[in-house]
Amino acid sequence: KQMGRRKSRETAMKFIYQTEINKDDWQAQISETVSDTKLSDNDASFTKELIFGVKENIEEIDKKIKEFSKGWKIDRIPKIDLAILRVSIYEICYNDDIPFNVSVNEAIELSKKYSTAESGTFINGVLSRLA
């Protein structure tokens, strides 16, 4: 179950990252993205929950990022880190099923895989202050 969820988070993060770069009709792209990833039905619906959750709550989520990133402007945060933060903050603030430390660890794993060593520390700092 955990691996599937990790894949879901990764897919959601990549999708949110892509839609920052290419602001086309993201709703049309979701099904394609999810089916391309070959997720189980359960994981596919978790992925969609993350994507829609981030998109529907983006202003609230970005406000938290601004508040807890200690003076970083949103447009200065690397897009990949921003996508990771958005997914994990959505998860922490809007999904009670997932323990806080799981969300944080998953965010750090994503940053290790897709970003820089400093990113993990930055992301951890933002999420810890959010707690």
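Here we summarise the structure given alongside this text.

Quick notes on the rules
- Residues numbered from 1 in each chain as written.
- Predicted model: local features only at pLDDT ≥ 70, side-chain atom pairs only at ≥ 80, totals over all residues.
- Heavy atoms only, no water.
- Helix = DSSP H or I, 4+ residues; strand = E, 2+ residues; numbered from the N terminus.
- 1 Å grid on protein atoms, 1.4 Å probe; cavity = no way out; pocket = protein on both sides within 12 Å on 5 of 7 lines; lining within 4 Å.
- Points joined across faces, edges and corners; volume = space filled by probe spheres on them.
- Nonpolar A, V, L, I, M, F, W, Y, C, P; charged D, E, K, R; others polar.
- Expected span 1.5 Å × (residues − 1).
- Buried < 20%, exposed > 50% of the residue type's maximum accessible area, 1.4 Å probe, protein only.
- Contact = heavy atoms within 4.5 Å.
- Core = buried A, V, L, I, M, F, W, Y, C linked by side-chain atoms within 4.5 Å.
- Salt bridge = Lys/Arg side-chain N within 4 Å of Asp/Glu carboxyl O.

1. Topic: unusual backbone geometry
Phi at Lys-38 takes a positive value of approximately 55 degrees, unusual for a residue other than glycine. Counting through the fold element by element, Lys-38 comes out in the loop between α2 (26-36) and α3 (41-56). Backbone geometry at Lys-70 places phi at a positive 50 degrees, although glycine is not the residue there. Among the structural elements, Lys-70 can be located in the loop between α4 (58-68) and α5 (79-94).

2. Some words on empty space enclosed by the protein
Rolling a probe over the atoms, with the probe sized like a water molecule, indicates the empty space that remains. Summed over the entire model, instances satisfying the criterion amount to one cavity of 30 Å³ or more. Empty space within the largest cavity amounts to approximately 40 Å³. Around the largest cavity, the lining residues are Arg-9, Ile-84, Val-87, Ser-88, Glu-91, Ser-103, Glu-106, Ala-107 and Leu-110. Its residues assigned to classes, the lining of the largest cavity comprises four nonpolar, two polar and three charged.

3. Here's the deal with helix α7 (residues 117-130)
Look at α7: 21 Å from first C-alpha to last across 14 residues, which is about the 20 Å you get at 1.5 Å a residue. Where α7 is concerned, the buried positions are Ser-119, Gly-120, Phe-122, Ile-123, Gly-125, Val-126, Leu-127 and Leu-130. Buried residues along α7 sit in contact with α4, α5 and α6 (100-114).

4. Things to note about the environment of Pro-78
Secondary-structure assignment places Pro-78 in the loop between α4 and α5. Placed 33 residues apart in sequence, Pro-78 and Ser-45 show a C-alpha to C-alpha distance of 27 Å.

5. Some points on the nonpolar core
Counting residues in hydrophobic clusters, the biggest one holds 35 residues, and the most contacted among them are Met-13, Ile-65, Leu-85, Val-87, Ile-123 and Leu-127. When residues of this core are traced back to their parent elements, those giving at least two are α1 (2-21), α2, α3, α4, α5, α6 and α7. A total of eight residues in this core trace back to one element, the largest contributor, which is α5. If we ignore the near neighbours within four places in the chain, the residues touching Met-13 are Ile-80, Ala-83, Ile-84, Val-87, Leu-110 and Tyr-114.

6. A short note on the pattern of salt bridges
Applying the stated criterion to the full structure yields 11 salt bridges. Measuring nitrogen to oxygen at the nearest pair gives 3.5 Å for the salt bridge that ties Glu-106 to Arg-9. With Glu-106 in helix α6 and Arg-9 in helix α1, this residue pair connects regions lying 97 residues apart in the sequence. A salt bridge links Glu-109 to Lys-112; the shortest N-O distance between them is 3.4 Å. Separated by three residues within a single helix, Glu-109 and Lys-112 lie in helix α6, roughly one turn from each other. Here the salt bridges share partners, and the residues they tie into one network are Arg-6, Arg-9, Glu-91 and Glu-106.

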